[in-house]
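Listed below are the residues making up each chain.
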Amino acid sequence: MTKTQPLPRILEAIDAGATEIGENYLQEAIRKDVFALRESHGVTVRYIGRLQSNKYNAILRVFDAVDSADPEFLERLHCVQDRVARRACTFLLEVNAGEESQKGGLTVPQIRELAAAGTPWLHEISGLMTVVPLQATMQMRARMYQSVSVLFSELASDLGSSHVTLLSMGTSDDFELAIEHGSNMIRVGMGIFGPCSPSQV
Ligand SMILES: *Cc1c(COP(=O)(O)O)cnc(C)c1O
């Protein structure tokens, strides 16, 4: 996760082996021109921020993946016939595993219902992404990661295990726990770059 990190630090991480980078703000990503790293270093540039409908197209044009996809976004996407305009983007559906009311994203039971109802836009996803509540204990996180992991397996068997392949769970604080519960993509920021960049971009 490279938010707030200036380009030279991102390059250090890439030189050390990072192959995917995640940004939370479109404007910041454009300003830093992280997209040039795709050509120069072959990295995948992922969007993991809030989605606003007036920015859908701009995000689709520049990012390789949207890991914070919500139903509105996926539904809109599903209606777009022009596959070229969408590039080869990958989409992960965000799960609100802590069932936090102030947070976007569907809960595990809600997604299960949509799958049972044969919701067409679910076919757009390549997996799931979840951010657990900051204050959740390790025990609570373990339960949430486990429940998202079970849902992930169900979706893989419903929608095809060659389509549904990515389970993005875990940050610097708890990635070991997330991996124990099936995560195959972790999102590490501070664990690589140290606490908060002094030079906010
Ligand atoms: C910043 C961020 C992370 C990384 O968190 P760290 O605690 O710095 O590892 C992970 N996921 C999302 C969605 C983020 O915005």
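The structure reproduced in this document is the subject of the present report. Just so it is clear, the structure is predicted and the values come from calculations on it, not from any experiment.

1. Comments concerning the site of the ligand
Moving on, step 1. Close contacts around the ligand come from Met1, Lys3, Asn24, Ile48, Val131, Thr171, Ser172, Arg187, Val188, Gly189 and Met190, and that covers them all.
Moving on, step 2. Between the ligand and Asn24, the relevant distance is 2.7 Å, taken from an oxygen atom to a side-chain nitrogen or oxygen of the residue.
Moving on, step 3. Separating an oxygen atom of the ligand from a backbone N or O atom of Met190 is a distance of 2.7 Å.
Moving on, step 4. Here the ligand, which alone exposes 380 Å², has 83% of that area covered by the protein.
Moving on, step 5. Judged by the fraction of its atoms near the pocket grid, the ligand is located in the largest pocket.
Moving on, step 6. Within the shell around the ligand, the residues separate by chemical class into five nonpolar, four polar and two charged.

2. Description of helix H1 (residues 7-15)
Moving on, step 1. Three or more residues of H1 are buried, namely Ile10, Ala13 and Ile14. Burial along H1 is one-sided: seen end-on, the buried residues are contained in an arc of 100 degrees. Projecting away from the buried face of H1 at angles above 90 degrees are the exposed residues Pro8, Glu12 and Asp15.
Moving on, step 2. Those residues of H1 hidden inside the fold are in contact with strand S1 (20-23), helix H2 (26-32), helix H3 (36-41) and helix H9 (190-193).
Moving on, step 3. Of the residues trailing H1, Gly17 is marked for its positive phi of about 120 degrees.

3. Looking at the nonpolar core
Moving on, step 1. Of all hydrophobic cores here, the largest spans 50 residues; its most connected members are Phe73, Leu74, Leu128 and Leu155.
Moving on, step 2. With nine residues, helix H7 (residues 138-159) is the single largest residue contributor to this core.
Moving on, step 3. When near neighbours in sequence (up to four residues on either side) are disregarded, Phe73 contacts Leu51, Tyr56, Leu60, Val66 and Phe91.
Moving on, step 4. Membership of the second largest hydrophobic core comes to six residues, among which are Met1, Leu92, Met129 and Leu166.

4. Topic: the pairing of strand S3 (residues 65-69)
Moving on, step 1. In terms of burial, S3 is largely enclosed, as five of its five residues are buried.
Moving on, step 2. As paired elements, strand S2 (residues 44-47) and S3 share two bridges and run parallel to each other. When the bridges of S3 are listed, Arg46 appears paired with Ala65.
Moving on, step 3. Handedness of the S2-helix H4 (residues 56-62)-S3 crossover: right-handed.

5. Details of the sheet that holds S3
Backbone-to-backbone hydrogen bonds pair the strands of a sheet. The strands run either parallel or antiparallel.
Moving on, step 1. In spatial order, the strands read S1-S2-S3-S4-S5-S6; together these six strands make up an open sheet with parallel pairing. The open sheet terminates on both sides in strands that have one partner only, identified here as S1 and strand S6 (166-168). Between one strand axis and the next, the sheet turns by 25 degrees as a mean value, whatever way the strands run.
Moving on, step 2. When S1 meets S2, the two strands line up parallel, connected through four bridges. In the strand pairing of S2, Ile21 is matched with Val45.
Moving on, step 3. Where H7 meets the sheet, its contacts fall on strand S4 (90-95), strand S5 (127-130) and S6, and the angle it forms with S5 comes to roughly 165 degrees.

Rules used in this analysis
Residues numbered from 1 in each chain as written. Predicted model: local features only at pLDDT ≥ 70, side-chain atom pairs only at ≥ 80, totals over all residues. Heavy atoms only, no water. Near = heavy atom within 4 Å. Polar contact = N/O pair within 3.5 Å; in protein donor to acceptor, adjacent residues only side chain to side chain. Areas by Shrake-Rupley, 256 points an atom, 1.4 Å probe, with all protein chains shown as cover. 1 Å grid on protein atoms, 1.4 Å probe; cavity = no way out; pocket = protein on both sides within 12 Å on 5 of 7 lines; lining within 4 Å. Sits in = over half its atoms within 2 Å of the grid points. Nonpolar A, V, L, I, M, F, W, Y, C, P; charged D, E, K, R; others polar. Buried < 20%, exposed > 50% of the residue type's maximum accessible area, 1.4 Å probe, protein only. Helix = DSSP H or I, 4+ residues; strand = E, 2+ residues; numbered from the N terminus. Arc of directions from axis to C-beta. Contact = heavy atoms within 4.5 Å. Core = buried A, V, L, I, M, F, W, Y, C linked by side-chain atoms within 4.5 Å. Pairing = 2+ DSSP bridges. Right-handed = clockwise from strand over helix to strand, strands pointing away. Axes fitted to C-alpha atoms, helices over the stretch in contact; angles between N-to-C directions.

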